[in-house]
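An overview of the molecular structure
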Amino acid sequence: MYQARAYSASGLQSPLASTKIPRREPSGHDVQIEILFCGICHSDLHAVRNEWSDVMPTVYPIVPGHEIVGRVTKVGPEVSNYKPGDLAAVGCLVDSDRTCPRCHAGLENLCKKRVLTYNSPDEHLGGVTYGGYSESIVVDEHFVLRVPANLNLAAAAPLLCAGITTYSPIRRHAIDTSQRVGVVGLGGLGHMGVKIAHALGAHVTVFTTSPKKKDDALRLGANEVIVSTEANAMKKQAGTFDFILDTVSADHDINAYLKLLGVKGNLTLVGAPSKPLSVSAFRLISDDRSLSGSAIGGIPETQEMLDFCGTHNLTADVEVIPIQKVNEAYERLLKSDVKYRFSIDMASLKS
Ligand code: NAP
Ligand code: ZN
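So, a few notes on the structure that sits alongside this text. (Residues numbered from 1 in each chain as written. Chains lettered and ligands numbered in written order. Predicted model: local features only at pLDDT ≥ 70, side-chain atom pairs only at ≥ 80, totals over all residues. Heavy atoms only, no water.)

Considering the overall build of the protein chain
When its secondary structure is counted, the protein chain shows eleven helices and 16 strands. Radius of gyration (C-alpha) of the protein chain: 20 Å, near the 20 Å computed for a compact globule of 351 residues. Seen through its principal axes, the protein chain has C-alpha atoms that stretch 60 × 40 × 35 Å. Burial analysis of the protein chain (351 residues in total) assigns 57% to the buried set. In the protein chain, once contacts between residues fewer than 6 apart in sequence are set aside, the share between residues at least 24 apart is 67%. Counting every atom, the protein chain has about 14700 Å² of accessible surface; 52% of that belongs to carbon and sulfur. Positive and negative charge centroids in the protein chain, built from 35 and 37 side chains respectively, lie 4 Å apart. (Helix = DSSP H or I, 4+ residues; strand = E, 2+ residues; numbered from the N terminus. Rg over C-alpha atoms; globule rule 2.2 N^0.38 Å. Buried < 20%, exposed > 50% of the residue type's maximum accessible area, 1.4 Å probe, protein only. Contact = heavy atoms within 4.5 Å. Areas by Shrake-Rupley, 256 points an atom, 1.4 Å probe, with all protein chains shown as cover. Lys, Arg positive; Asp, Glu negative; His and termini not counted. Charge placed at Lys NZ, Arg CZ, Asp CG, Glu CD.)

So this is what it looks like as structure tokens:
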């Protein structure tokens, strides 16, 4: 075991602050990674503030961060795929049982025994797992991913959560050039959803509450932008969408978007507001619409997404910040004031 520098929140009311955390020495199939950049996901904020207490209560202290890119520094004796000096990435998962049908299908994200990168029981050191707001992490090679060499590392980090969480449902709903896709919320996930759906050739419409994001939405690949508070503009879109990806982090009216789906259209929720959303049965029944959810993605699909982003030269639009600005960044996330993902330069942990 060794000690690593990190940022943690020690309690519900506490801001994130500098600390030291234990990490295991790499053995067996373990890969030790020096973390270079870590994205800030809105899930980090939900978790730090225990907003999902009903389903995933937060254990303090918490070290968030699951959009990790870095360089391999040491490997265990049984590691075959990585060597010191390699670029490597870690997303939301660091383990699973690897024997169940879901794991065999490459759906480690849905394994009953999945171990999340932070706030999951840590069978190696006891307590809970600690995430990427840290100088290093040790992860089994099965959960380590390869970053295409052409991608900027600070901007590639958000692919590990925002990228896969949008890529997976967009692929599942077989988006092609004939389909009309809506993306609700232009934040970290939403802006990656726009880029990915556009790269797959879909006709993309962004729904935003922020009129000032209109030009950016078009630049990111949207064909159309609707300000969702404009009732007439919303009305004109009724019944016209094949698929809508809802990335909103707070309470909002999803019936307004169900109404925009055509026959057998699907709305997939990836946003995870803390309170239940209300659904009008008739918005689903009329026109055979469906409502579903999607949780990140499995390891093989995450690698597929990274390779897709490498081929298409796709990364997040990031504002790189030192770790000392993390609390300020959380406040800005709450005001939808980020273009479009914060990426922490982990070198700042040393200053
Ligand atoms: P984010 O960067 O904060 O973006 C959320 C966007 O939602 C905002 O930029 C804003 O877009 C819109 N929004 C915020 N408050 C709103 C409100 N009151 N009404 C309507 N729209 C509002 O967050 P993120 O990192 O993309 O994460 C989004 C959500 O996905 C979070 O709940 C997060 O926990 C969840 N998540 C889920 C998974 C999964 O596996 N399913 C994975 C990662 C994250 P506009 O300004 O354009 O309106
Ligand atoms: Zn995330």
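Continuing now.
Section: the sheet that holds strand β11 (residues 224-227)
A sheet is described by the order of its strands in space; here six strands give the open sequence β11-β10-β9-β12-β13-β14, paired in parallel fashion. The open sheet terminates on both sides in strands that have one partner only, identified here as β11 and β14 (290-293). Neighbour to neighbour, the strand axes of the sheet diverge by 20° on average, direction disregarded. The pairing of strand β12 (residues 241-246) with strand β13 (residues 261-269) spans five bridges and is classified as parallel. Within the sheet, the bridge partner assigned to I244 lies in β13 and is L267. Relative to the sheet, helix α4 (residues 162-172) contacts β12, β13 and β14, its axis offset from that of β12 by approximately 160°. (Pairing = 2+ DSSP bridges. Axes fitted to C-alpha atoms, helices over the stretch in contact; angles between N-to-C directions.)

Nothing here speaks to function; it is all geometry.
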